[in-house]
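Next come the chains, spelled out residue by residue.
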Amino acid sequence: MSGASVAKGRHLPNSLTSPAARMVKSWESLLLVVVVVIFIVNSFASPYFLDPWNLSDATYNFTEKLMIAFAMAPLIIAGEIDLSVASIMALASTAMGYAVTQGAGTPELVGVGVTVGLLCGVFNAVLVTGIGLPSIVVTIGTMSLFRGISYIVLGDKAYTGYPAGFAYFGQGYVWYVFSFELILVALLAVAFGVLLHRTNFGRAVYAIGNNATAALFSGIRVGRVKFILFLLTGVMSGVASVCLTSRLGSTRPSIALGTELEVVTMVVLGGVNILGGSGTIPGVVLAALVMGLVTFGFGLLNVPGIVMSIFIGLLLIGVIALPRLWAQFRARRG
Amino acid sequence: MSRMLKSREALLALAILVLIGLIATRFPEFVAPSNLANVFNDTAPLIILALAQMVVILTKCIDLSIAATLALCGMVAAMLDVAGVPMVVILPVAMALGACLGAVNGLLVWKLNIPPIVVTLGTMTIYRGIIFLISGGKWINDQQMSPLFKSLPRADILGLPVLSWCAIAVVAIFAVLVGRTALGRSFFAVGGNAHAAVYTGINVGRTQFAAFVLSGTLAGLVGYLWVARYAVAYVDIASGFELDVVAACVIGGISIAGGVGSVGGALLGALFLGVIKNALPVIGISPFWQMAISGTAIILAIAVNATEGRSRGRVILKSAEHVA
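Residues numbered from 1 in each chain as written. Chains lettered and ligands numbered in written order. Predicted model: local features only at pLDDT ≥ 70, side-chain atom pairs only at ≥ 80, totals over all residues.

(A) Spatial organisation of the overall build of chain B. From N to C terminus, chain B includes 14 helices and 4 strands. Scaling as 2.2 N^0.38, a compact globule of 324 residues should have a C-alpha radius of gyration of about 20 Å, and chain B matches this with 20 Å. C-alpha atoms of chain B, sized along the principal axes, occupy 60 × 50 × 35 Å. Relative to all contacts within chain B whose residues are 6 or more apart in sequence, the contacts with residues 24 or more apart total 78%. (Helix = DSSP H or I, 4+ residues; strand = E, 2+ residues; numbered from the N terminus. Rg over C-alpha atoms; globule rule 2.2 N^0.38 Å. Contact = placed C-beta atoms within 7 Å.)

Here is the structure:
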């Protein structure tokens, strides 16, 4: 959005460096080092850290957000953004709560949650790709609208009384310490990794993010790709809502408030260019591990939640600012 | 173009009048002058912040940290008051602090070219977090504040409270600043076409920086007014208010793509939301409806803005330039 950035060209990857050298210097390997360091520091800082059940609990810090980040990453790579994800979660959760009062069972609840997410995604998609409105404002609007509907339905009340079987999605374990959410997020990581890095659709996403006009002229259906990306983001928000609602066992209109910030931070920390065009799914996964481990470590040290949110905010800005400061510093010296 | 903008503002003014008229048919007490003055006074913070946000949006940026800046400045003002600092110091300090917080946003956008939405999304949580750190999560309430601190926004001058006069003054200052000064014109130039602005000798980054500082300063002013008026300061005051501010701007016809907007538009956009907010309890609708109504208003307004912008061919030019 910044006007001055228009003048500068995009950094083009230098194909002369070997793939191995590129991998060592990549953002992802830096993140991997950070993950390992945090892991080691945490295990020394607290004797409770290395307990497998504690670590398993720690994964809940990022699993639901990571599900949304998987869809948000391609969306941001394609040059759009969805700030309404947390509100989609609230609306989907409210719909599930309402379904419970109408006597819905567990399978229906999952269907309701995912469908509401899908519909919200389609709503955003139609406004952005159909009418051609800027996604930042559209999703600021729908952020207010979707959560607003939850407030209309619920006011200051809450839905509880979810069926016992429904608790499995947020509290169940598939095997030993591996929770349902963890396994689901792993499967989704593979699915989105393949989609973004091994399919024509994925190539189209990068092409659109780098130059939407050129992509259009090379025969990519830009509108359709963006439509699918918004739809996927909605669906993943619905899935995340099912997991979160199941884990909490209740729905309030303020559920998942502020999650959009953490999801965007996760994606940007994962090396996705906020202006679009580059980024990887493995990077996003590593970013989720960094954020999850830090939050967990802070939790063990009794740091209040709002201090963690300062940290997330600093992380979001720092991750973008530091490489740019470094580049300016190098440009001045050389 | 100016005719089109004028007609849009006329349309909005008409919509507000129709809205008030419809309410008046069933609840005549709503249009009593004293009540309308109350509605204006209640909307004053939104008007001031909508104007602040307007200059930021004109330069093709957005300030999502405006409510957090407000809250932080308000908390600092309240803490200074509790510490016994006189009013003549508190108000300048609150505004200076706001200017500094705005400058942080502006510098990150200007010097490091970070997209404004990312910067202010980040500083939004950081500023809120700082309130928690300095207050320890405690509330500062009515009894702790000095009488002068609380009474200033309510003090009556010529039948209107100081809070209303602040909004009127800011509107007047902005009408001159935006319409009659070089800085005001450069806000439009930067947002309308950054390349052309550079060739006419305007420093794009510095203009955006100025917009953020202006926005922060006004947020600081409103921070004091807000805390003093409600006689309470805590971490979550004005939480989510940035959305109302953006909504007021978008409804007022300020294009999020930059370079298009007017002081009158922002004022009317804020008044439109203010009338709705104050009318809801009168006509017996739960205040919980307000969030969804704001959201719907944002979406409808940008849809209208987009169809207006398209006829001038701006969108095509922008996408061709902005691929980089």
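(B) Layout of the overall build of chain A. Within chain A, the regular secondary structure consists of 15 helices and 2 strands. In terms of overall size, chain A behaves like a compact globule, its C-alpha atoms giving a radius of gyration of 20 Å where 334 residues would be expected to give roughly 20 Å. Projected onto its principal axes, the C-alpha positions of chain A cover 65 × 55 × 35 Å. Across the 334 residues of chain A, 50% fall into the buried class. For chain A, restricting intrachain contacts to residue pairs at least 6 apart in sequence, the fraction spanning at least 24 positions comes to 79%. (Buried ≥ 20, exposed ≤ 12 C-beta atoms within 10 Å, placed from the backbone.)

(C) Just the nonpolar core, in detail. By size, the foremost hydrophobic cluster in this structure holds 217 residues, and its most contacted members are A:Ala69, A:Met72, A:Val267, A:Val284, B:Ile48, B:Ala50 and B:Val250. With 16 residues, helix α10 (residues 204-230) of chain B is the largest single contributor of residues to this core. In contact with A:Ala69, other than residues within four places in its own chain, are A:Val263, A:Met266, A:Val267, A:Val284 and A:Ala288. (Core = buried A, V, L, I, M, F, W, Y, C linked by C-beta atoms within 7 Å.)

(D) Quick peek at the environment of B:Pro92. With respect to the element layout, B:Pro92 can be found in helix α4 (residues 87-112). Each C-alpha atom, one on B:Pro92 and one on B:Ile66, is 18 Å from the other, the two residues being 26 residues apart in sequence.

(E) Structural view of the environment of A:Leu257. Tracing the backbone through its elements, the reader meets A:Leu257 in the loop between α12 (222-248) and α13 (259-269). Since 16 C-beta atoms lie within 10 Å of it, A:Leu257 is described here as partly exposed.

(F) Layout of unusual backbone geometry. Residue and element names in this part refer to chain B. The backbone of Lys-60 shows a phi angle near 75°, a positive value even though the residue is not glycine. Classification of Lys-60 as buried rests on a count of 26 C-beta atoms within 10 Å. Unusually for a residue other than glycine, Asn-113 sits at a positive phi of about 60°. Its place among the elements puts Asn-113 in the loop between α4 and α5 (116-135).

(G) How the structure looks around the interface of chain A and chain B. Every contact between the two is made by 48 residues of chain A and, on the other side, 48 residues of chain B. When residues of the side of chain A that touches chain B are traced back to their parent elements, those giving at least two are α7 (135-154), α11 (212-217), α13 and α15 (305-333) of chain A. Taken together, the residues that form the side of chain A that touches chain B break down as 31 nonpolar, 14 polar and 3 charged. (Nonpolar A, V, L, I, M, F, W, Y, C, P; charged D, E, K, R; others polar.)

(H) Spatial organisation of the environment of B:Leu225. Residue and element names in this part refer to chain B. As for its placement among the helices and strands, Leu-225 is situated in helix α10. Assessed through the 24 C-beta atoms surrounding it within 10 Å, Leu-225 is described here as buried. For Leu-225 and Leu-14, which are 211 residues apart along the polypeptide, the C-alpha to C-alpha distance reads 30 Å. Ignoring sequence-local partners within four residues, the contact set of Leu-225 consists of Pro-45, Pro-153, Leu-163 and Cys-166.

(I) Just the confidence of the model for chain A, in detail. All names here are of chain A. For chain A, per-residue confidence averages 89 on the pLDDT scale, and residues scoring 70 or more make up 93% of the total. The secondary-structure element of chain A with the lowest mean pLDDT is helix α1 (residues 19-25), recorded at 70, while helix α4 (residues 63-77) shows the highest, at 97. Predicted confidence is poor over residues 1-7, with pLDDT under 50, and the contacts of this stretch with residues over four places away or in other chains come to 23 contacts. (pLDDT = per-residue confidence, 0-100.)

(J) Examining the packing of α4(A) against helix α14 (residues 281-300) of chain A more closely. Residue and element names in this part refer to chain A. Contact pair α4 / α14: the axes reach a minimum separation of 10 Å and the direction vectors enclose 150°. Classed by the angle they form, the pair α4 and α14 counts as roughly antiparallel. For the element pair α4 and α14, the recorded crossing hand is right-handed. For the pair α4 and α14, contact is made by Lys-65, Leu-66, Ala-69, Phe-70 and Ala-73 and by Ile-281, Val-284 and Ala-288, respectively. Split by residue class, the contact of α4 with α14 holds 7 nonpolar, no polar and 1 charged. (Axes fitted to C-alpha atoms, helices over the stretch in contact; angles between N-to-C directions. Parallel < 35°, antiparallel > 145°, perpendicular 65-115°, else oblique. Left-handed = near helix turned anticlockwise from the far one by under 90°.)

(K) Helix α8 (residues 182-192) of chain B, seen in detail. Listing the buried residues of α8(B) in full gives B:Ser186, B:Phe187, B:Phe188, B:Ala189, B:Val190, B:Gly191 and B:Gly192. Next to the buried residues of α8(B) lie α2 (33-58), α7 (162-180), α9 (194-199) and α10 of chain B.

(L) Quick peek at the confidence of the model for chain B. Residues and elements named next belong to chain B. The share of residues in chain B with pLDDT of 70 or more is 93%, and the mean pLDDT across the chain is 89. Note that residues 311-324 has pLDDT below 50 and, in this model, 16 contacts with residues that lie over four places away or in other chains. Note on the complex model: pTM 0.86, ipTM 0.82.

(M) Quick look at the packing of helix α3 (residues 66-82) of chain B against α5(B). Residue and element names in this part refer to chain B. Across the interface, α3 lies against α5 with an axial gap of 8 Å and an inter-helix angle of 20°. Between α3 and α5, the crossing angle belongs to the class labelled roughly parallel. Where α3 crosses over α5, the two elements pack in a sense that is left-handed. Contacts from Ala-68, Thr-69, Ala-71, Leu-72, Met-75 and Met-79 in α3 reach Met-124, Tyr-127, Arg-128, Ile-130, Ile-131, Ile-134 and Ser-135 in α5.

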